[in-house]
Amino acid sequence: MSGRADDMLNVRGVTLFPSSIEDVVRGIPMLGPEFAIALKRERDLDVLIVQVEALPEVSTERYAEIADQVEREIRSSCELRAVVEVTPQGTLPPTQFKAKRVRDLR
């Protein structure tokens with residue numbers, strides 16, 4: 001894991017840096033560069049939600065497959081389960097600062 005201490009998130013007792021999610025997203029060729037992380041609490045448990053954008057040439061029929069791949073990669077590299085939402089490119093606002101990618105709603 002790498003990242004700045006002020007970027008660090010604690011999710012279910014696991015330290016998570018947004019850059020770890022970024023590495024996963026950048027490693028999947030069917031995804032665009034934008035992503036967003038949301039943390040919320042459901043039944044006293046933290047829920048990690050990762051929104052990603054599929055490239056325009058990717059059919060919506062492949063979104064579930066892409067979500068599964070992103071979930072597996074996050075579980076493997078970050079040791080956390082995530083809910084992954086795949087959206088068309090242009091859905092998420094362009095990010096200029098890393099902090100804007102993360103919304104902590106807990």
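Look up: the structure comes first, before these words.
**Q** Got a minute to help me understand the environment of L39 in this structure?
**A** Mapped onto the secondary structure, L39 falls in strand 3 (residues 31-42). You can call L39 buried: its relative accessible area is 0%. L39 sits 63 residues away from V102 along the chain, and the two C-alpha atoms are 7.9 Å apart. What L39 contacts, discounting residues up to four positions off in sequence, is L9, V11, V47, L48, R103, D104, L105 and R106.

**Q** What exactly am I supposed to notice about the sheet that holds strand 5 (residues 83-88) here?
**A** Taken together, four strands build an open sheet; the order of strands is 5-4-3-6 and the sheet is mixed. Each end of this open sheet is capped by a strand with a single partner; those strands are strand 5 and strand 6 (102-104). Neighbour-to-neighbour, the strand axes of the sheet open up by a mean angle of 15 degrees, direction not taken into account. Pairing of strand 4 (residues 45-54) with strand 5 involves six bridges; the strand directions are parallel. The partner of V52 across the bridge, within strand 5, is V86.

**Q** So what exactly am I meant to see when it comes to helix 2 (residues 63-78) here?
**A** It helps to recall that an α-helix has 3.6 residues per turn; residues three or four apart then point in one direction. Taking 1.5 Å per residue, 16 residues should reach 22 Å; helix 2 reaches 22 Å between its end C-alpha atoms and fits that length. Taken together, the buried positions of helix 2 are Y63, I66, A67, V70, I74 and C78. Each buried residue of helix 2 sits inside an arc of 100 degrees when the element is viewed along its axis, so together they form one side. Facing away from the buried side of helix 2 by over 90 degrees, the exposed positions are A64 and S76. Of the residues trailing helix 2, E79 is marked for its positive phi of about 60 degrees.

So, how was this worked out
Residues numbered from 1 in each chain as written. Predicted model: local features only at pLDDT ≥ 70, side-chain atom pairs only at ≥ 80, totals over all residues. Heavy atoms only, no water. Helix = DSSP H or I, 4+ residues; strand = E, 2+ residues; numbered from the N terminus. Buried < 20%, exposed > 50% of the residue type's maximum accessible area, 1.4 Å probe, protein only. Contact = heavy atoms within 4.5 Å. Pairing = 2+ DSSP bridges. Axes fitted to C-alpha atoms, helices over the stretch in contact; angles between N-to-C directions. Expected span 1.5 Å × (residues − 1). Arc of directions from axis to C-beta.

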